[in-house]
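Descriptive structure summary
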Amino acid sequence: MKLSDFKKIFYNNLSEYYPKRSLRFLYKISIINICKIQETEILINERFIEKSELSVLKRVIEKLRLQMPIEYIFKETEFLGNKILLNNKVFIPRPETEELTRWVLAEESNKQKLNIIDLCSGSGCIALSLAQKTNHQISAVDKSQNAVKIANKNFQYHNVKVKCINQDILRSELKEKYDVMISNPPYVPNSEEKNMKKNVLSYEPKSAIFVQDKHPLLFYDRILYLSKKYLNKKGAIYFEIHQDFANNIEKLIKSYNFKNYIFKKDFYNKYRMVKIKS
């Protein structure tokens, strides 16, 4: 079977579940991963698919019909050009977090050696990028043992040195002081669960996404509290935030007597990041 023939099968089986733009992406990722060919070869459409490849591709279609994220099907994704190993115990990195990481790199890369901590690190994508592109000392913290295992695999895969810590920051103190604290913590209120897509609710770890409605700023509050003891003078805190909570977070920042802070918009023109200076 030619690629062009399989493409029709792929689209026909999945068109009721995904828009065309998504289908193009899913088809490309599936073919590249299973047939081990370059993206330019996909465009030619004349390459023949082996029977063994076709069998795997059909299983991929079935998983996609169940709306399993493609990142979990192939157990990897990409973050700032790096392959990130994944499983369904770890939250899939989003483009907004790439923007946050770019901001940190732009602000902190050229400084003398810093001690940086990535809190609620998940797959370790932020810590990995910082370890690759700076000479700073990087630590990554997550309360999930599964996340710490995956993060360590990513650090080993890319041969970077990151101190990986299995710790619940809501229930414990930090062990040392830092020049920069970064976090993309859980921040989606439980009440928004009804608006989430099936591919998120059915597969991604809810503990990495949701917080209780009565305290949606729980992690920001805790990290700001910890910063008073563990952030060095002239240090910085970077947060990814919920687009609807910028005003609430600003009030929280002020309550901890921080006066120097700036909010930043993402590519959708939403306030999704904040930098706070001590």
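Residues numbered from 1 in each chain as written. Predicted model: local features only at pLDDT ≥ 70, side-chain atom pairs only at ≥ 80, totals over all residues. Heavy atoms only, no water.

1. A closer look at the overall build of the chain
Test applied: By the criteria applied, helices consist of DSSP H or I runs no shorter than four residues and strands consist of E runs no shorter than two, each listed in order from the N terminus. Radius of gyration here is computed from C-alpha atoms only, and the compact-globule reference equals 2.2 Å multiplied by the residue count raised to the power 0.38. Residue contacts follow a heavy-atom distance rule, with two residues in contact if any of their heavy atoms lie within 4.5 Å.
On a plain count of helices and strands, the chain comes out with eleven helices and eleven strands. On C-alpha atoms alone, the chain measures out to a radius of gyration of 21 Å, which is about the 19 Å that the 2.2 N^0.38 rule sets for 278 residues. With the C-alpha coordinates of the chain rotated into their principal frame, the extents come out at 65 × 40 × 35 Å. Counting contacts in the chain only where the partners sit at least 6 residues apart, residues at least 24 apart contribute 65% of the total.

2. Some words on the pattern of salt bridges
Put simply, the rule is: Just to be clear on terms, a salt bridge is a Lys or Arg side-chain nitrogen sitting within 4 Å of an Asp or Glu carboxyl oxygen. With a 1.4 Å probe rolled over the protein chains alone, any residue whose accessible area is under 20% of its type maximum counts as buried; one over 50% counts as exposed, and the rest are partly exposed.
Here the structure, examined in full by the defined rule, presents 15 salt bridges. In this structure, the salt-bridge partner of Glu 204 is Arg 94, at a minimum N-O distance of 2.7 Å. Taken as a pair, Glu 204 in the loop between helix H9 (198-201) and strand S8 (210-211) and Arg 94 in the loop between strand S2 (82-85) and helix H6 (95-108) lie far apart in primary sequence, 110 residues in all. Using a relative accessible area of 6% as the deciding quantity, one classes Glu 204 as buried.

3. Notes on the pairing of strand S1 (residues 76-79)
Successive residues of a regular strand alternate their side chains across the two faces of the sheet. Selection criterion: Strand pairing is defined by DSSP finding a minimum of two bridges between the two strands.
What you see with S1 is a clean split: Thr 77 and Phe 79 sit on the buried side and Glu 76 and Glu 78 on the side with no burial. Pairing between S1 and S2: four bridges, direction antiparallel. Looking at S2, one finds that Glu 78 is bridged to Lys 83.

4. Digging into the sheet that holds strand S3 (residues 115-119)
Put simply, the rule reads: Here, axes are lines fitted to C-alpha atoms. For helices the fit covers the stretch in contact, and angles between N-to-C directions go from 0 to 180 degrees.
With respect to topology, seven strands assemble into an open sheet ordered S5-S4-S3-S6-S9-S11-S10, the strand pairing being mixed. The open sheet is flanked by strand S5 (163-166) and strand S10 (260-265), the only strands paired with a single partner. Strand-to-strand twist of the sheet, defined as the mean angle between neighbouring strand axes without regard to direction, takes the value 15°. For strand S9 (residues 231-240) and strand S11 (residues 271-277), the ladder comprises five bridges, and the chain directions are antiparallel. The partner of Ile 237 across the bridge, within S11, is Ile 276. Contacting S3, strand S6 (178-183), S9 and S11, helix H10 (residues 218-230) crosses the sheet at an angle of about 165° to S9. Running at roughly 165° to S10, helix H11 (residues 246-255) makes contact with S10 and S11 of the sheet.

5. What to know about H10
What counts, and what does not: What a helix should span is 1.5 Å times the count of its residues minus one.
Compared with an ideal rise of 1.5 Å per residue, which puts 13 residues at 18 Å, H10 spans 18 Å between its outermost C-alpha atoms and is within 8% of the ideal. Of the positions making up H10, those classed as buried are Phe 219, Tyr 220, Arg 222, Ile 223, Leu 224, Leu 226, Ser 227 and Tyr 230. Looking at the buried positions of H10, the neighbouring elements they touch are S3, S6, S8, S9, H11 and S11.

6. A closer look at the environment of Ile 84
Among the structural elements, Ile 84 can be located in strand S2. What makes Ile 84 buried here is its relative accessible area of 0%. Sequence separation between Ile 84 and Val 180 is 96 residues; the distance between their C-alpha atoms is 23 Å.

7. A word on a positive patch on the surface
Where we set the bar: Like charges within 9 Å and nonpolar side chains (Val, Leu, Ile, Met, Phe, Trp, Tyr) within 5 Å are joined into patches, using only residues over 30% in relative accessible area that form no salt bridge. Values of accessible area rely on a 1.4 Å probe in the Shrake-Rupley scheme; residue burial ignores everything except the protein chains shown. Positive: Lys, Arg. Negative: Asp, Glu. His and the chain ends are not part of the count. By convention, the charge on Lys lies at NZ, on Arg at CZ, on Asp at CG and on Glu at CD.
A cluster of basic residues, Lys 7, Lys 20, Arg 21 and Arg 24, forms a positive patch at the surface. Sorting elements by how many residues they give to the positive patch places helix H2 (residues 20-35) first, with three residues. As for its placement among the helices and strands, Arg 21 is situated in helix H2.

8. Digging into unusual backbone geometry
With a phi close to 50°, Leu 80 is a non-glycine residue in the positive phi region. With respect to the helices and strands, the residue Leu 80 is situated in the loop between S1 and S2. Classification of Leu 80 by relative accessible area gives buried; the value is 17%.

9. A closer look at the side chain of Arg 272
Which entries qualify depends on this criterion: By the criterion applied in these results, polar contacts are pairs of N or O atoms within 3.5 Å in which, for protein atoms, one can donate a hydrogen and the other can accept it, and in which residues neighboring in sequence qualify only through two side-chain atoms.
As for its position among the elements, Arg 272 is in strand S11. Among the polar contacts listed, one links the side chain of Arg 272 to the side chain of Tyr 187, at a separation of 2.4 Å. Beyond its immediate sequence surroundings of up to four residues, Arg 272 is in contact with Glu 96, Tyr 187, Phe 239, Glu 240, Ile 241, His 242, Gln 243, Lys 264, Lys 265 and Asp 266.

10. Topic: the packing of aromatic side chains
Heads up, the condition is: Centres within 6.5 Å are what make two rings of Phe, Tyr or Trp a pair, Trp counting through its six-membered ring; a difference in plane orientation under 30 degrees is then read as stacked, over 60 as edge-to-face, and the rest as tilted. By definition here, charges over rings are those cases where NZ of Lys or CZ of Arg is within 6 Å of the ring centre and within 35 degrees of the ring normal.
Inspection of the entire model under this criterion finds ten aromatic pairs. Both rings, one in Phe 10 and one in Tyr 11, keep their centres 6.4 Å apart while their planes meet at 55°; by these two values the pair is tilted. The pair Phe 10 / Tyr 11 is uniform in exposure class, with both members buried. Members of the aromatic cluster, connected to one another through ring pairs, are Phe 6, Phe 10, Tyr 11 and Tyr 27. Sitting over the ring of Phe 258, Lys 228 keeps its end group 4.1 Å from the ring centre.

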